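Observations on the three-dimensional arrangement
In case you want the letters, here they are:
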Amino acid sequence: MVVRVKLVGVLSALALGKDFIELNGVITVRDVINGLRSINEKLFKRVFDVSRNELMPDIYIAVNDIDISLLKGLDTPVKDGDEVLILAYIHGG
């Protein structure tokens, strides 16, 4: 099973300039996040806060264009051919 992960902005730079990566054997979005470690540990740490066991506050993730907060969050299942978008957004005050 292959899931395509689209990385935007600074996340792409941390993935060695790749806009897309493919991960095999992932079952949930949490597995996708953990799979980022195989690309670059800095990428994983930019997306996931291990001390809080949750995404960094400015990270947005969608599976097939649906925000995971509307699904099952990090436990959202993924299947062969799905596209997972991960981006770090910037917001003003």
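Everything that follows concerns the structure shown earlier in this document.
Predicted model, so just to flag it, every value in this text is computed and none were measured.

**What to know about the overall build of the protein chain**
Looking only at helices and strands, one finds three helices and seven strands in the protein chain. Taken from N to C terminus, the helices and strands of the protein chain fall in the order β-α-β-α-α-β-β-β-β-β. Relative to a compact globule of 93 residues, whose C-alpha radius of gyration would be 12 Å, the protein chain shows 12 Å and is just as compact. Each of the three principal axes of the protein chain carries a C-alpha extent, and together these read 40 × 30 × 25 Å.

**A few points about unusual backbone geometry**
Backbone geometry places Asn53, a non-glycine residue, at a positive phi of 55°. The topology assignment puts Asn53 in the loop between β3 (48–49) and β4 (54–55).

**Structural notes on the sheet that holds strand β5 (residues 59–63)**
Judged by pairing direction, the sheet is mixed, and its five strands sit side by side in the order β2-β1-β7-β5-β6 without closing on themselves. Two strands bound the open sheet, and with one partner strand each, they are β2 (20–24) and β6 (66–67). In the sheet, β5 pairs with β6 via two bridges, with the strands oriented antiparallel. Residue Ala62 lies in a different strand from β6, and its bridge partner there is Asp67.

Each value, and the rule that gives it
- Residues numbered from 1 in each chain as written.
- Predicted model: local features only at pLDDT ≥ 70, side-chain atom pairs only at ≥ 80, totals over all residues.
- Heavy atoms only, no water.
- Helix = DSSP H or I, 4+ residues; strand = E, 2+ residues; numbered from the N terminus.
- Rg over C-alpha atoms; globule rule 2.2 N^0.38 Å.
- Pairing = 2+ DSSP bridges.

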